Amino acid sequence: MEKAARQYLHGLFQSSRRNMECMAETVAESGYQQLHHMLSESNWDRRGVRRQLVADANDHFGYASGLLIDESGFAKKGELSAGVARQWNGRLGKTDNCQVGVFAAVARDGVASLVDTELYLPSAWSNDAARCEAAGVPEDRRPFRTKGEIALELVRRLRRDGLRFSFVAFDGGYGHLPWLLRELDGERETFLAEVHSDQAIFLDDPAPAIPHSGSSKGRAPSRLRTDASPASVAAWAAAQPAAQWRRLSIRGGEKGEVIADYLTQRVWVWDGKSPSAHRWHLLVRREMDGTTLKFCLSNTKPGASLRRLAEMQAARHFVERSFEDAKSACGMADYQVRRWQAWHHHMALVMIATMFLAKERLAHRDTADLLSCRDLVEIMRHKLPLKIVTDEDLAASIADRHTRRRRAMDSAYRRQAEMLSALNCNAI
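Predicted model only: the values in this text are computed from it and were never measured.

Calculation notes
Residues numbered from 1 in each chain as written. Predicted model: local features only at pLDDT ≥ 70, side-chain atom pairs only at ≥ 80, totals over all residues. Heavy atoms only, no water. Helix = DSSP H or I, 4+ residues; strand = E, 2+ residues; numbered from the N terminus. Buried < 20%, exposed > 50% of the residue type's maximum accessible area, 1.4 Å probe, protein only. Contact = heavy atoms within 4.5 Å. Areas by Shrake-Rupley, 256 points an atom, 1.4 Å probe, with all protein chains shown as cover. Lys, Arg positive; Asp, Glu negative; His and termini not counted. Charge placed at Lys NZ, Arg CZ, Asp CG, Glu CD. Salt bridge = Lys/Arg side-chain N within 4 Å of Asp/Glu carboxyl O. Patch = residues over 30% accessible without salt bridge, like charges linked within 9 Å, V, L, I, M, F, W, Y side chains within 5 Å. Axes fitted to C-alpha atoms, helices over the stretch in contact; angles between N-to-C directions. Parallel < 35°, antiparallel > 145°, perpendicular 65-115°, else oblique. Nonpolar A, V, L, I, M, F, W, Y, C, P; charged D, E, K, R; others polar. Expected span 1.5 Å × (residues − 1). Polar contact = N/O pair within 3.5 Å; in protein donor to acceptor, adjacent residues only side chain to side chain. Pairing = 2+ DSSP bridges. Arc of directions from axis to C-beta. Phe/Tyr/Trp six-rings, centres within 6.5 Å; stacked < 30°, edge-to-face > 60°. Lys NZ or Arg CZ within 6 Å of the ring centre and 35° of its normal.

S.K.: Even after reading the chapter, I still don't get the overall build of the chain, so can you show me in this structure?
M.R.: Helices and strands together make up the secondary structure of the chain, namely 15 helices and 12 strands. Based on the C-alpha atoms only, the size of the chain along its principal axes is roughly 85 × 70 × 40 Å. Considering the chain as a whole, with its 428 residues, one finds that 47% of them fall into the buried category. Long-range pairs, those at least 24 residues apart, make up 65% of the contacts in the chain with a sequence separation of at least 6. Within the structure as shown, the chain displays about 22,400 Å² of accessible surface, and the carbon and sulfur contribution to it stands at 49%. Here the chain carries 62 positive and 54 negative side-chain charges, and the mean point of each set is 2 Å from the other.

S.K.: Is there a simple way to explain the side chain of S126 in this structure?
M.R.: Mapping S126 onto the fold places it in helix 5 (residues 123–126). Beyond its immediate chain neighbours, meaning those up to four positions away, S126 contacts L121, R142, P143 and F144.

S.K.: Is there a simple way to think about the pattern of salt bridges in this case?
M.R.: Side chains carrying opposite charge are able to pair once their charged atoms draw close together. Applying the stated criterion across every chain yields a total of 27 salt bridges. Between D261 and R247 there is a salt bridge, and its shortest N-O distance comes to 2.7 Å. Of this pair, D261 sits in strand 10 (residues 256–269) while R247 is found in strand 9 (residues 246–253), placing the two residues 14 residues apart along the sequence. For R247, a relative accessible area of 53% translates into the label exposed. Linked by salt bridges that have partners in common, D116, E118, R141, R145, E153 and R157 make up one network.

S.K.: Where do I start with a nonpolar patch on the surface in this structure?
M.R.: Taken together, the side chains of M419, L420 and L423 make up a nonpolar region of the molecular surface, amounting to roughly 300 Å² of accessible area. Along the polypeptide, M419 turns up in helix 15 (residues 391–427).

S.K.: Help me understand the packing of helix 11 (residues 306–315) against helix 12 (residues 317–330) in this model?
M.R.: Two measures define how a pair of helices packs: the angle their axes make with one another and the distance between the axes. Interhelical geometry of helix 11 versus helix 12 gives an angle of 20° and a closest axis separation of 4 Å. When the axis of helix 11 is compared with that of helix 12, the two are roughly parallel. Across the interface between the two elements, Q313, A314 and A315 from helix 11 touch H317, F318 and V319 from helix 12. When the residues that make up the contact of helix 11 with helix 12 are grouped by side-chain class, the tally is four nonpolar, two polar and no charged.

S.K.: Sorry if this is basic, but what is going on with helix 4 (residues 46–60) here?
M.R.: Helical geometry: 3.6 residues make up each α-helical turn, so side chains three or four residues apart lie on a common side. For helix 4, spanning 15 residues, the distance from its first C-alpha to its last is 21 Å, which sits close to the expected 21 Å at 1.5 Å a residue. Of all the positions in helix 4, only V49, R50, L53, V54, D56, A57 and N58 are classed as buried. N-cap assignment for helix 4: the residue whose side-chain oxygen lies 2.9 Å from the backbone N of R47 is D45. Phi turns positive one or two residues past the end of helix 4, at G62, with a value near 80°.

S.K.: Explain the pairing of strand 12 (residues 293–298) here, please?
M.R.: The two faces of the sheet receive side chains in turn, since in a regular strand these alternate between them. Looking at chain direction, strand 6 (residues 191–195) and strand 12 are connected through four bridges and run antiparallel. Considered in strand 12, the bridge of V195 is made with F295. Pairing of strand 11 (residues 278–286) with strand 12 involves six bridges; the strand directions are antiparallel. Across the sheet, the residue bridging to R286 is L293, located in strand 12. The hairpin formed by strand 11 and strand 12 contains six residues between the paired strands, and G290 there has a positive phi angle of roughly 80°.

S.K.: How should I be thinking about the environment of T95 in this particular structure?
M.R.: Locating T95 in the fold gives a position in strand 3 (residues 94–108). Apart from the residues lying within four places of it in its own chain, the contact partners of T95 are R86, Q87 and W88.

S.K.: Is there a simple way to think about helix 9 (residues 178–186) in this case?
M.R.: For helix 9, the set of buried residues is L180, L181 and L184. In an axial view of helix 9, the angular spread of the buried residues amounts to 95°, which keeps them on one side of the axis. Positive phi appears at R188, one or two residues downstream of helix 9, with a value of about 60°.

S.K.: Help me understand the side chain of E194, please; the structure alone is not making it clear to me.
M.R.: Structurally, E194 is set in strand 6. On the accessibility criterion, E194 (10% relative accessible area) is buried. In terms of polar contacts, E194 uses its side chain to reach the side chain of Q313, at 3.2 Å. Setting aside its immediate chain neighbours within four residues, E194 contacts F170, D171, G172, G175, H176, K294, F295, C296, Q313 and R316.

S.K.: Where do I start with the pairing of strand 2 (residues 85–89) in this structure?
M.R.: Bridge count for strand 2 against strand 3 is five bridges, and the pairing is antiparallel. Paired with Q87 across the bridge in strand 3 is D96. The turn linking strand 2 back onto strand 3 is made up of four residues, and G93 within it adopts a positive phi angle of 70°.

S.K.: In this structure, what is going on with the environment of I352? I would like to understand it.
M.R.: Structurally, the position occupied by I352 is in helix 13 (residues 340–363). Separated by 343 residues in the primary sequence, I352 and L9 have C-alpha atoms spaced 8.0 Å apart. I352 has contacts with L9, V49 and L53, leaving out every residue within four places of it along the chain.

S.K.: Quick question: what am I supposed to make of the packing of aromatic side chains here?
M.R.: For any pair of aromatic rings, the description consists of the separation of the ring centres together with the inter-plane angle of the planes. Under the counting rule described, the total for this entry stands at nine aromatic pairs. Look at F74 and Y335: their rings are 5.8 Å apart centre to centre, the planes differ by 65°, and that puts the pair in the edge-to-face class. Here Y335 lies in the loop between helix 12 and helix 13 and F74 lies in strand 1 (residues 66–75), a separation of 261 residues in the sequence. Using a relative accessible area of 1% as the deciding quantity, one classes F74 as buried. With 6.2 Å between their ring centres and 70° between their planes, Y120 and F144 make a pair best called edge-to-face. Of this pair, Y120 sits in the loop between strand 4 (111–119) and helix 5 while F144 sits in the loop between helix 6 (129–134) and helix 7 (147–160), and the two are 24 residues apart along the sequence. In this structure Y120 comes out as buried when scored by relative accessible area, which is 12%. Cluster of aromatic residues (ring-pair linked, three or more members): F74, F103, F323, Y335 and W343. The ring of W245 is capped by R286, whose NZ or CZ atom sits 4.0 Å from the centre of that ring.

Spelled out as structure tokens, the structure:
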């Protein structure tokens, strides 16, 4: 199994298409059946992979890194792949038939790497035990969990496994969940969460309380209320004078410095249910075009500087970069498997590959600061041994391909014959 896993990793770098058939034709000494068994049938423990990723992340990223939470969609046809459904695919920017995974990545100094993931299971799957059984979904993973609940689980188990990170960051898809922010705050996890433009804030403590009943008749009040009037973050930002905005350069990039305008304010946030409000930082980022705004809440220490908040927010960009690198350089979206276990095995091996690329980029930062994932993959393709070197290797590869194709055809004809036989019997 270890040998097949190593060959699969080589295939993620070497193959033009990162599916098992192409890997088996490219990677030296590999075979389709061995790769398939390792990925889909072998019950190797992903927790060991995660522990190694945590150790590597601690060694190469360190405590100053941020833990970035986001989701990624993978377009799929049919209804058999675990978790597949018509749902939002951020990669395509539309609702489509796809699988969605919630991912965690670490980032530091412009380099990011994925360290954990969980496949999201829509409620239609959770309510269909037979469908889950056919796709190999473990029983303890079948109860419905929202993406926010999965995100919190990722943060908790990575912290439990010893991952060192200074803050958690996520976009408005998670930042609009008040309970998630309260849970992280209660567990003393520093977060920076992008929120929607209609997020309500208070400039003073709303001091929620149950109002006194003015009459002995009727039911006594039981719901918390406040006399304070909230404002949306968008309305508050629009009311601020131009002098309040500060322009900061956060980092250098390939297209110049990353520069934006920022506002910050300590505000109170109350969800209408909690016994008290929370006092957090509000950060507003305005792009240089003057129109695009992003709003964030953070529970970092009260005296945190504007630059610190801005750098935390800017780190969010690198989870998208980690997805781009994983998909373009390591075949993250090229898998051709249906079952729950195979999906997670593929992603575990992709994360090992992305961690290797991240380690190399960080290690050579002083001597090759422009070293990219694409550069490293090209080096790997040049250095790793190939399966086809001689004419005899090519002939053997084609013969093996024809054998697999013949088996697939025979299986299809056999299933068709069985179906036709059953139909004829029913007709009689």
